[in-house]
Amino acid sequence: MGRTTRRSRWVLLLGGAAIVLQTGSCLLTGSTAQTDFVRQLIVPRLSSLLSDAIFFFLDNAFVRLTT
């Protein structure tokens, strides 16, 4: 059991390191690059997080109402 957990941790660590190394540098220069970064990455992620949170709370409320 201990070996399986240790191996899983190593696989996750190596996979995470590979993803970070694959993405490269995130250095942004200029105001247009920062605006594009916010518009293309930050805003969609936040809206997705907000809609998922609303769905989660409504789903829990409906489950509690029906049981």
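Residues numbered from 1 in each chain as written. Predicted model: local features only at pLDDT ≥ 70, side-chain atom pairs only at ≥ 80, totals over all residues. Heavy atoms only, no water.

Asks: Sorry if this is basic, but what is going on with the overall build of the chain here?
Replies: Scanning the chain from N- to C-terminus turns up two helices and zero strands. Residues counted as buried form 0% of the 67 residues belonging to the chain. Within the structure as shown, the chain displays about 6600 Å² of accessible surface, and the carbon and sulfur contribution to it stands at 67%. (Helix = DSSP H or I, 4+ residues; strand = E, 2+ residues; numbered from the N terminus. Buried < 20%, exposed > 50% of the residue type's maximum accessible area, 1.4 Å probe, protein only. Areas by Shrake-Rupley, 256 points an atom, 1.4 Å probe, with all protein chains shown as cover.)

Asks: Just checking my understanding: could you explain the packing of aromatic side chains for this structure?
Replies: The description of two aromatic rings rests on the distance between their centres and on the angle between their planes. Applying the stated criterion across every chain yields a total of one aromatic pair. Taking 5.6 Å as the distance between ring centres and 65 degrees as the angle between the ring planes, the aromatic pair formed by Phe56 and Phe57 counts as edge-to-face. Residue classification places Phe57 among the exposed positions, given a relative accessible area of 57%. (Phe/Tyr/Trp six-rings, centres within 6.5 Å; stacked < 30°, edge-to-face > 60°.)

Asks: Can you walk me through a nonpolar patch on the surface in this structure?
Replies: A surface patch of nonpolar side chains, about 590 Å² in accessible area, is lined by Phe37, Val38, Leu41, Ile42, Val43, Leu46 and Leu49. Mapped onto the secondary structure, Leu49 falls in helix H2 (residues 31-66). (Patch = residues over 30% accessible without salt bridge, like charges linked within 9 Å, V, L, I, M, F, W, Y side chains within 5 Å. Salt bridge = Lys/Arg side-chain N within 4 Å of Asp/Glu carboxyl O.)

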